Amino acid sequence: MAAQGSAGDAALRRAAEQWLLWDKNPKTSAIVKQLLAEGNAGELQKYFGSRMEFGTAGLRAAMGAGISHMNDLTIIQTTQGFCRYLEKNFSDLKKRGVVIGFDARAHLSSGGSSKRFARLAANTFISQGVPVYLFSDIIPTPFVPYTVTHLKLCAGIMVTASHNPKQDNGYKVYWENGAQIISPHDRGISQAIEENQEPWPQAWDDKLIDSSLLLHDPYAMVNKEYFKDIQKQCFHRNINKETNLKFVHTSVHGVGHKFVQLAFKAFDLSPPFAVPEQKDPDPEFPTVKYPNPEEGKGVLTLSFALAEKDGAKIILANDPDADRLAVAEKQESGEWKVFSGNELGALLGWWIFTCWKNNNRDTRAIKDVYMLSSTVSSKILRAIALKEGFHFEETLTGFKWMGNRAKQLMDQGKAVLFAFEEAIGYMCCPAVLDKDGVSAAVITAEMASFLATRNLSLSQQLKAVYDEYGFHITKASYFICHDPKVIQQLFDNLRNFDGKNTYPKSCGRFKVSGIRDLTTGYDSSQPDQKAILPTSKSSQMITFTFANGGVATMRTSGTEPKIKYYSELCAPPGNSDVEQLKKELDELVNALEKHFFQPEKNNLQRKTE
């Protein structure tokens, strides 16, 4: 290296040399050998500067060589740590075992793929005498938490990067309760990974698992039982059989096609038209810029074309691991309306409650009924709950919180009918304690078919929900920022706005009436000024309540270089001047961007369509 480089360069070199002693993947070791030969400190820093952080979402990173990427060796190390952590926590781990699933992602230049990673993980557990239920083929993410609860296993792993760019992969972990892990498990697993870096003797020999008595394939069983379980949410089989409504479905080159077809069959609905160019898994995602239906109309271009051709009114789109759902509907004007996550949350919440009410004549049962949504999602469920008499709770952002809370409530004998978050995630069925785009797709189709018998569209029903429970207008977006220092500074400024430890009293012409800071634990609305929801110093999140009934939350993303904001204006029922409300919310958002984000000063990049 140039003039032998600094101590930092030497440490990077040592890390890379250590890597080569352990890595048996010819593609990733060749990459590292070349970096060492070139003495490329900048590139070595990229691959060996820091290990991927294991958090409550597990791991997510690009596939490639080194400790900062997803590859055979980091998967082996991660699973060794996870295995040791489970051994500490479960005396019956060798009796109960774990489940492992995978999607269709693959990365030619590093030889990494979801299937390969899943097999290496299975091998790690089996080498320690732990039974593994390894799916023999690609599955939707919700099948893993389903299997954990259905077979009463100790844990589950899903190898997927969901809707991330094609070079990424991820390692998502579920605990024995069927929900994603939360603290302190993330820290415990992280520490165990540090302590188990050296591959165990049989770590690389994944052929051993094929003849092992500890290997089980849950594929056929789960494909039968899951669809049996979601049928409990089917309330209008006769309407489903007769409906003339046509649906288009896209799996965006992911895993969803086969499973949504099966779900429609389970509900006695005619199968949806599948977008032919996108129905088969393809790790290159050739027809979309981002494989994320949350990004709006660009991902749905081929779906619109197919729907026009086949006369379909409704489009259902899953992300590549089929745990999220986007929905679009053709309007009278001929335009397509893509529902936001909050709008679909309002519709599904109304529908699932209506179905429950029609099937529960005992009025006392309502006191044990719950719905949940995350704190950055619309409060429409709160409005429905207030009027109808069931319970609503908000949790921190992410299904790990909703899944764990739902399980606690169910263990107390409560019925959790529905949970959602604005990022198009819906839990419509208590058999899966996580977001599930397969059950959400078929339940949406049944709702639309039922509404059609009343000559109502989804859009008309959404308006009816808002007329009855009050309009909830939302607007969310984000700025991209690759510099953690700038992000830190931006939030520090908000906490010291008019001098030390003072938050803003206004935002442009909008008066601030309340502040909750879940990074520091401050909440101006509580008598002791302490927030009720759990706080985390490792992520930024501040919620502002405004005197006009508006609420806006600014937060950092755990998996992307984004500062996100979510805003909502709620009006009581009877206030039907929607255009005025929209205008007011637009003004509030503009003020928020101008005064709190200051994109020019902070050099932030706006979200582009």
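The rules behind these values
Residues numbered from 1 in each chain as written. Predicted model: local features only at pLDDT ≥ 70, side-chain atom pairs only at ≥ 80, totals over all residues. Heavy atoms only, no water. UniProt positions renumbered as here; feature names shortened; annotations may be inferred. Helix = DSSP H or I, 4+ residues; strand = E, 2+ residues; numbered from the N terminus. Rg over C-alpha atoms; globule rule 2.2 N^0.38 Å. Buried < 20%, exposed > 50% of the residue type's maximum accessible area, 1.4 Å probe, protein only. Areas by Shrake-Rupley, 256 points an atom, 1.4 Å probe, with all protein chains shown as cover. Lys, Arg positive; Asp, Glu negative; His and termini not counted. Charge placed at Lys NZ, Arg CZ, Asp CG, Glu CD. Pairing = 2+ DSSP bridges. Contact = heavy atoms within 4.5 Å. Axes fitted to C-alpha atoms, helices over the stretch in contact; angles between N-to-C directions. Salt bridge = Lys/Arg side-chain N within 4 Å of Asp/Glu carboxyl O.

The name an unreviewed UniProt entry assigns to the protein is Phosphoglucomutase 2, from the organism Amazona collaria. Listed in UniProt under the heading Cofactor (unreviewed entry), the comment for the protein reads: "Mg(2+)".

**Overview of the overall build of the protein**
In terms of helices and strands, the protein carries 20 helices and 25 strands. Taken over the C-alpha trace, the protein has a radius of gyration of 25 Å; the compact-globule value for 609 residues is 25 Å, and the two agree within 12%. Over its C-alpha atoms, taken along the principal directions, the protein stretches across nearly 70 × 60 × 50 Å. Every one of the 609 residues in the protein was classed for burial, and the buried ones make up 57%. A total accessible area of about 25400 Å² is found for the protein, and carbon and sulfur atoms account for 50% of it. Side-chain charges of the protein comprise 71 positive and 69 negative groups, with the mean position of each set lying 2 Å from the other.

**Focus: the sheet that holds strand 2 (residues 98-102)**
Either a parallel or an antiparallel arrangement is found when strands of a sheet pair, and the pairing is made through backbone hydrogen bonds. In space, the six strands of this open sheet follow the order 1-7-6-2-5-8, with mixed pairing throughout. Two strands bound the open sheet, and with one partner strand each, they are strand 1 (59-62) and strand 8 (215-216). Here strand 1 runs beside strand 7 (residues 168-174); their pairing, made up of four bridges, is antiparallel. Residue pairing across strands places Ala62 opposite Asp168, the latter belonging to strand 7. Sheet strands in contact with helix 6 (residues 114-127) are strand 2, strand 5 (132-134), strand 6 (155-159), strand 7 and strand 8, and its direction is about 165 degrees off that of strand 2. Packed onto the sheet, helix 7 (residues 143-150) meets strand 2, strand 6 and strand 7 and runs at close to 165 degrees relative to strand 6.

**What about the pattern of salt bridges?**
For side chains bearing opposite charge, pairing can occur when the charged atoms are close. Counted by the stated rule, this structure contains 39 salt bridges. Among the ionic pairs, Asp362 bridges to Arg364, the shortest N-O distance being 3.3 Å. In this structure Asp362 comes out as partly exposed when scored by relative accessible area, which is 38%. Since its relative accessible area comes to 61%, Arg364 is described here as exposed.

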